[in-house]
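# Chains, contacts and geometry: an overview
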Amino acid sequence: MSAREAALLTLVAMERQKAWSNGHLKKVIQEEHLDKRDAALATRLCFGVVQNKLLLDHYIQQFSTMKLQKMESKVRNSLRLGLYQMLFLTKIPVTAAVNESVELTKKHCKNPRAGGLVNGILRNLARNINELPALDRSSQTAYLSLLYSHPQWLVETWAKELDGEELETLLRWDNSEPPVTVQVNTCRFETPKVVLALEREGVNVLPHPWLPDCLVLTDTGDLTQRTAWQEGMFYPQDPAARLAVLAAGLQPGETVLDACAAPGGKSFAAAMCMQDQGEIHACDLHAHKKALIEAGATRLGLQSITAQVLDGKKPRKGWEERFDAVLADVPCSGLGVIRKKPEIRYKDPAELAGLPQIQGDILDNVSRYVKPGGFLLYSTCTLLQAENEGVVTAFLAQHPEYHLESFPLPGPLGEVAAGQCTLWPQRLQTDGFFLAKLRKEGAK
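Bear in mind the structure is a predicted one, so any value in this text is a computation, not a measurement.

### Topic: the pattern of salt bridges
- As enumerated under the stated definition, the model contains 19 salt bridges in all.
- Arg427 is paired through a salt bridge with Glu166; the nearest N and O atoms lie 2.5 Å apart. With Arg427 in helix H19 (residues 425-428) and Glu166 in helix H10 (residues 164-174), this pair connects stretches of sequence that are 261 residues apart.
- In this structure Arg427 comes out as partly exposed when scored by relative accessible area, which is 46%.
- Taking the shortest distance from any N to any O, the salt bridge between Asp238 and Lys340 comes out at 3.2 Å. Placement of Asp238 in the loop between strand S4 (234-236) and helix H13 (239-246) and of Lys340 in the loop between strand S8 (323-329) and helix H16 (349-352) is noted, with a sequence separation of 102 residues between them.
- Here Asp238 falls in the buried class, since its relative accessible area comes to 7%.
- Put simply, Glu15, Asp57, Arg76 and Arg80 are held in one network by salt bridges that share partners.

### Here's the deal with the pairing of strand S5 (residues 255-258)
- Residues Thr255 and Leu257 line one face of S5 and the alternating positions Val256 and Asp258 line the opposite face, and both faces are buried.
- Chirality of the crossover, the property in question, places the unit of S5, helix H14 (residues 265-273) and strand S6 (residues 279-284) among those that are right-handed.
- Where S5 and S8 come together, three bridges link them in parallel fashion. Across the sheet, the residue bridging to Asp258 is Leu327, located in S8.

Conventions and cut-offs
- Residues numbered from 1 in each chain as written.
- Predicted model: local features only at pLDDT ≥ 70, side-chain atom pairs only at ≥ 80, totals over all residues.
- Heavy atoms only, no water.
- Salt bridge = Lys/Arg side-chain N within 4 Å of Asp/Glu carboxyl O.
- Helix = DSSP H or I, 4+ residues; strand = E, 2+ residues; numbered from the N terminus.
- Buried < 20%, exposed > 50% of the residue type's maximum accessible area, 1.4 Å probe, protein only.
- Right-handed = clockwise from strand over helix to strand, strands pointing away.
- Pairing = 2+ DSSP bridges.

Written as structure tokens, this is what we have:
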């Protein structure tokens, strides 16, 4: 199987089966034993099409008499793959981009005329590739929406908080390729030793510019096959997710609840902060995710973590006022991690409308588990105020025993005096996150 074919089948699965790009593509790459070069090309093609889908469709439609919605999924995505290569992968000859898309269409489409349709549209685009019609700039948000393939409702939402230049920087950031960042398992290893171990295995390693014990990796290959991984020297985690734990200021010997823990990164980070001393109850709604957390803790050699199945919205008898700290990284729209999950941007906003209620219910429930004098750390990986400040404001109105408390963060953020903050990715070069620290009145 070629890289282009792997990308095409993944794009089709995303449309037909609502598959996630990353998970489905990894499965195809492993099953078809694609080498490193083809795996990288398949990933770039698949992600590139998703990241630029609105723009690609806009141009394809101008050179097609048939509506894209009426085309078979494999035809539509063959066209997108061909045009993406012409527009963005300039090292690939235009003729190769066209011919490969045509051959894929002939191989996978039953309609004998499908190949001719793709051939005609792509060759027409190829002849005009340097003179494509200019995008309409009469509306700045509509223009940016099309140029960076973000739904207009989302661009308009962020335009209320960011000026035009910074808004465009955010949209461009969402379409960039994310680096691999990992956190050192400081409970068992010193950072220089981990760096040396990775470099010996051919991985390029740089220290993160402002987050201690965080490494930025390139030329990783399959990290899970590295000896350093198997020995539990590190775990993958974006700096923003690590900040969501550092904001808590956890101490050795404390009792901590990670209420929405899977896949376990924040529980692992909590163990690092606590020097693996104390109790961390890492909970998730699903049993298979509990097993995932347990496997990660075992690999890292962490003794303080106990994984459990728990519904964050339902009271757990006997847990009232039991914990020094509760971490609530609640389910959210995920619009702060578009760079890693590009299809998230295309979610129907109507489907997101009920999230603040779910988030509020979880926050309301887990708040009863906090000891007097303890605190609750609320976090999301979205950039929508309704899921962030809106949820916190509603919670505080119903819980006068809680108040926002300032907290320090490393790097450019420093002291967060307001007790809550948005981690804008275009400013920090991290995922997009929201953090709020809520202290419960009384003495421990």
